[in-house]
Amino acid sequence: MFWPFVLKNLRFVPLLALPILALLLPVGASKPTAELPKDQLNLALRRTADALLRASGDSTSRIPAVSQISETTWRIYLAQPFDYDRLPELLQNSLELHRIHQPYYVTVRRCLDDVIDLGYHYADVADEDAVVACGGREMPEGCHYMEIVFAQSPPQPPVGWIIAGICLLLTVGWLAYRWLRRQKQSPATRQPTAPDIEWLHFGNSRLDPAGQILIANGVSQSLTFRETKLLRLFAARPDQLLERETILQQVWADEGVLVGRSIDMFVSRLRKKLAPDPAIAITAVHGVGYRMETGRGMVTSAALDI
């Protein structure tokens with residue numbers, strides 16, 4: 001069995017411990033993204049609002065408080081009109097001043113019904129060649145509020161689990177390889193089978209008399225009962241002349257009536273099936289019989305009883 005084999009090979013215990021050790025990595029590898037610095041973000045938005053109002057000629061109005069709507073959404077109301085075209089640059093400068101670098105998108109909404117009048121994405125500012133969305137548009141009058149939503153950081157991949165899985169697969173695969181290799185090399189696990197014992201080899205071909213299968217130079221073909229008997233007779237006596245009478249007695253004696261022409265017909269069939277093997281040829285000796293020429297002696301893996 002495989003697992004008893006593993007238990008016996010205790011020298012591999014350190015390998016099996018690798019997946020367990022790797023599971024400790026998620027603690028350090030998948031820490032949650034740091035929360036947005038609330039005070040710095042508050043100051044950055046107030047600085048932006050102050051710069052917008054000053055750019056519009058207003059240096060006395062009170063700047064409203066900054067509201068945090070959710071973990072990633074912040075809002076500040078501006079009752080006075082401001083220059084929207086100045087917003088992207090001023091906001092980005094304020095965020096960089098306070099070391100806030102998370103991606104975000106901005107919308108300018110009406111205070112009355114929350115309808116979006118203007119807005120853009122952080123990428124519009126980060127890309128020097130990009131054009132800020134809604135730039136150059138006339139700012140509608142009335143109360144507006146500016147809302148900035150920061151993109152949530154994607155969850156960190158479970159590095160520890162990935163490494164643990166790889167280590168586990170490698171360990172089990174290595175042990176399985178060693179077990180299979182041991183099974184192949186162990187004589188006790190290799191039981192002889194009937195086909196292994198009965199295969200007859202000649203030329204580049206071999207014959208399985210029990211299964212009536214001929215493999216001629218790698219090409220497998222099925223034989224009839226009589227074809228098998230005839231080929232087995234030739235294989236038993238390679239490069240020897242077999243007289244027609246001998247062939248009839250050995251192959252057709254059990255039929256009672258001997259038909260001489262049957263030999264020629266079956267020899268013709270065998271020649272076609274042995275054609276893929278150029279090392280084998282069944283030749284006729286006129287008026288005498290046939291010989292299976294191999295150019296070398298036959299090697300058998302079992303004794304023949306014909």
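Source: prediction; values computed, not measured.

Draft legend 1. Broad picture of unusual backbone geometry. Phi at D114 is positive, roughly 65 degrees, even though this residue is not glycine. Along the chain, the position of D114 falls in the loop between β3 (104-110) and β4 (116-121). Positive phi is not limited to glycine here, since N217 has a value of about 55 degrees. Structurally, N217 can be placed in the loop between β8 (213-216) and β9 (219-222). On the basis of relative accessible area, N217 is assigned to the partly exposed category, the value being 40%.

Draft legend 2. Spatial organisation of the environment of L90. Locating L90 in the fold gives a position in helix α5 (residues 87-97). Beyond its immediate stretch of four places on either side in the chain, L90 contacts R47, T48, A51 and L52.

Draft legend 3. The nonpolar core, seen in detail. Core analysis: the biggest nonpolar cluster contains 28 residues, and L87, L91, L95, I148 and F150 have the highest contact counts within it. Counting residues per element, the ones that place at least two in this core are α4 (38-55), β2 (73-78), α5, β3, β4 and β5 (144-150). Ranked by the residues each element gives to this core, the list is headed by α4, at six residues. Ignoring anything within four residues of it in the chain, the contact list for F150 reads L36, L41, T72, W74, L95, I100, Q102, P103 and Y104. Counting 25 residues, the second largest nonpolar core, distinct from the first, contains F202, L207, L248 and L274.

Conventions we followed
- Residues numbered from 1 in each chain as written.
- Predicted model: local features only at pLDDT ≥ 70, side-chain atom pairs only at ≥ 80, totals over all residues.
- Heavy atoms only, no water.
- Helix = DSSP H or I, 4+ residues; strand = E, 2+ residues; numbered from the N terminus.
- Buried < 20%, exposed > 50% of the residue type's maximum accessible area, 1.4 Å probe, protein only.
- Contact = heavy atoms within 4.5 Å.
- Core = buried A, V, L, I, M, F, W, Y, C linked by side-chain atoms within 4.5 Å.

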